[in-house]
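Below, each chain spelled out in residue letters.
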Amino acid sequence: GEDVEQSLFLSVREGDSSVINCTYTDSSSTYLYWYKQEPGAGLQLLTYIFSNMDMKQDQRLTVLLNKKDKHLSLRIADTQTGDSAIYFCADPNAGNNRKLIWGLGTSLAVNP
Amino acid sequence: SQTIHQWPATLVQPVGSPLSLECTVEGTSNPNLYWYRQAAGRGLQLLFYSVGIGQISSEVPQNLSASRPQDRQFILSSKKLLLSDSGFYLCAWNPGQTQGRTIYFGEGSWLTVV
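Cut-offs applied
Residues numbered from 1 in each chain as written. Chains lettered and ligands numbered in written order. Predicted model: local features only at pLDDT ≥ 70, side-chain atom pairs only at ≥ 80, totals over all residues. Heavy atoms only, no water. Helix = DSSP H or I, 4+ residues; strand = E, 2+ residues; numbered from the N terminus. Rg over C-alpha atoms; globule rule 2.2 N^0.38 Å. Buried < 20%, exposed > 50% of the residue type's maximum accessible area, 1.4 Å probe, protein only. Salt bridge = Lys/Arg side-chain N within 4 Å of Asp/Glu carboxyl O. Disulfide = S-S within 2.5 Å. Contact = heavy atoms within 4.5 Å. Patch = residues over 30% accessible without salt bridge, like charges linked within 9 Å, V, L, I, M, F, W, Y side chains within 5 Å. Areas by Shrake-Rupley, 256 points an atom, 1.4 Å probe, with all protein chains shown as cover. Pairing = 2+ DSSP bridges. Axes fitted to C-alpha atoms, helices over the stretch in contact; angles between N-to-C directions.

S.K.: Can you tell me about the overall build of chain B, naming the residues and giving the values?
M.R.: Assigned secondary structure in chain B consists of 0 helices and 11 strands. Along its sequence from the N terminus, chain B presents helices and strands in the succession β-β-β-β-β-β-β-β-β-β-β. Over its C-alpha trace chain B gives a radius of gyration of 13 Å, about what one expects of a compact globule, namely 13 Å for 114 residues. Along the first, second and third principal axes, the C-alpha atoms of chain B reach 40 × 25 × 20 Å. Each of the 114 residues in chain B was classed as buried or not, and the buried ones make up 48%.

S.K.: Now, about the pattern of salt bridges: what can you tell me, with residues and values included?
M.R.: Residues and elements named next belong to chain A. Summed over all chains, the structure comprises 6 salt bridges over all chains. One salt bridge in this structure joins Asp16 and Arg13, with 3.8 Å as the shortest N-O distance. In this structure Asp16 comes out as partly exposed when scored by relative accessible area, which is 34%. A salt bridge links Asp69 to Lys68; its shortest N-O distance comes to 3.7 Å. A relative accessible area of 76% places Lys68 in the exposed class.

S.K.: Give a description of the state of the cysteines that names residues and reports values.
M.R.: All names here are of chain B. For the structure on display, the rule yields 2 disulfides over all chains. Covalently, Cys23 is tied to Cys91 through a disulfide, its sulfur atoms 1.9 Å apart. Disulfide Cys23 to Cys91: torsion about the S-S bond roughly -75°, handedness left-handed. Of this pair, Cys23 sits in strand E3 (residues 19-26) while Cys91 sits in strand E9 (residues 87-94), placing them 68 residues apart in sequence. Under the relative-accessibility criterion, Cys23 is labelled buried at 1%.

S.K.: I'd love a proper account of the environment of Trp110 of chain B, names of residues and values included.
M.R.: With respect to the element layout, Trp110 of chain B can be found in strand E11 (residues 109-113). For the pair Trp110 of chain B and Ala9 of chain B, spaced 101 residues apart in sequence, the C-alpha separation works out to 6.1 Å. Each residue touching Trp110 of chain B, except ones within four places of it in the same chain, is listed here: Gly40 of chain A together with Ala9, Thr10, Leu11, Gly87 and Phe88 of chain B.

S.K.: Break down the side chain of Thr47 of chain A for me, citing the residues and quoting the values.
M.R.: Within the secondary structure, Thr47 of chain A sits in strand E5 (residues 43-50). Discounting chain neighbours no more than four positions away, the residues touching Thr47 of chain A are Leu32, Tyr33, Trp34, Lys56, Val63 and Leu74 of chain A.

S.K.: So, the side chain of Thr28 of chain B: which residues are in play, and what are the values?
M.R.: Looking at where Thr28 of chain B falls in the secondary structure, it is placed in the loop between E3 and strand E4 (32-39). Excluding anything up to four places from it in sequence, Thr28 of chain B contacts Gln2, Arg72 and Trp93 of chain B.

S.K.: Outline a nonpolar patch on the surface, listing residues and values.
M.R.: All names here are of chain A. A cluster of nonpolar side chains, Leu8, Phe9 and Leu104, forms an exposed patch at the surface whose accessible area comes to about 320 Å². Following the sequence through the fold, Leu8 ends up in the loop between strand E1 (4-6) and strand E2 (9-13). The exposure class assigned to Leu8 is partly exposed, which follows from its relative accessible area of 35%.

S.K.: Explain the sheet that holds strand E6 (residues 55-58) of chain A to me, using residue names and the numbers behind them.
M.R.: Through backbone hydrogen bonds, the strands of a sheet pair up, either in parallel or in antiparallel fashion. Residues and elements named next belong to chain A. Taken in spatial order, the 5 strands line up as E1-E3-E8-E7-E6 in an open sheet, and their pairing is antiparallel. For this open sheet the edge positions go to E1 and E6, each flanked by a neighbour on one side alone. Between one strand and the next, the sheet's axes are offset by a mean angle of 15°, whatever the strand orientation. Across 6 bridges, the pairing between strand E3 (residues 18-24) and strand E8 (residues 71-76) is antiparallel. Across the sheet, residue Val19 finds its bridge partner in E8, namely Arg75.

S.K.: Explain the environment of Lys68 of chain A residue by residue, including any values.
M.R.: You can see Lys68 of chain A is positioned in the loop between strand E7 (61-66) and E8. Separated by 41 residues in the primary sequence, Lys68 of chain A and Ser27 of chain A have C-alpha atoms spaced 9.1 Å apart.

S.K.: Give me the lowdown on the sheet that holds strand E1 (residues 3-7) of chain B, citing residues and values where you can.
M.R.: All names here are of chain B. The 4 strands are arranged E1-E3-E8-E7 in an open sheet whose pairing can be described as antiparallel. The sheet terminates laterally at E1 and strand E7 (65-70), the two strands that pair on one side only. Neighbour-to-neighbour, the strand axes of the sheet open up by a mean angle of 20°, direction not taken into account. For E7 and strand E8 (residues 73-78), the ladder comprises 4 bridges, and the chain directions are antiparallel. Note on E8: the bridge partner recorded for Gln70 is Gln73.

Take a look at the structure:
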C-alpha cells in the first residue's frame, strides 16, 4: 500500500535552519501537507503544496517538492524554540479521500 | 467559520470501565468525520471514519466503537476499557465528497487507563 516515511528526530540550535524530510510512494497525490503538533495538543495544518509546484514559500517556511524522487521537505529558517514540535507529512491519497496517509512524525528539538 | 470541539480533554479510567469521547463540528454540514489514536506521542492511527449519519467504517479491529447520531456529532465508545486503550485520541473532519481536502483536528483527549 501507499506509504509516507520521515526521520524521527531532528535537533538544531536556535537561529539555525531546520530541514525536515519526507518520502512518499503515492504518485497520484494532488496535494501534500505538513502538520505541526505542539506538545500535548492536536495537529494543526502548517502548510501544503500542490503537486504541480516545486516550491512554496510562506514567511520562514519553504516547502520543496521533488516529484521524480517523491521527496518532500520542509525548511524552517531562523528556527526558534517555539518551533519545537512534531511535524507530520501527510499524503491525501488521491485514490481515497478518507484515508490520509501519515508519516510517523519528526520530533524537532530546538536548543538555545 | 468552522470549529471542532472534542471533550473531555483528559480522563483517567479504570480497566473494565466504559468510555465515551464526544466530538462536534460547527459551521459546516455533511462533513467526513474521523477518530485517530496517537500512542506514545507518535504516529497517527486511523480508528474510524464516517461519511454520514449512521455510516461508520472501522479501520482496525479493537475494543472501541464509534457512532454518528447526528450530522456533526461523532462519538467514540468502549464498553470495557483495556490498558492498551491508553493514548491520545484525536477527532478530525474535512469537507465531505471532496477529494484531498485539508483535514482539521480537535485538540485531542488524553486517556489513561489504570
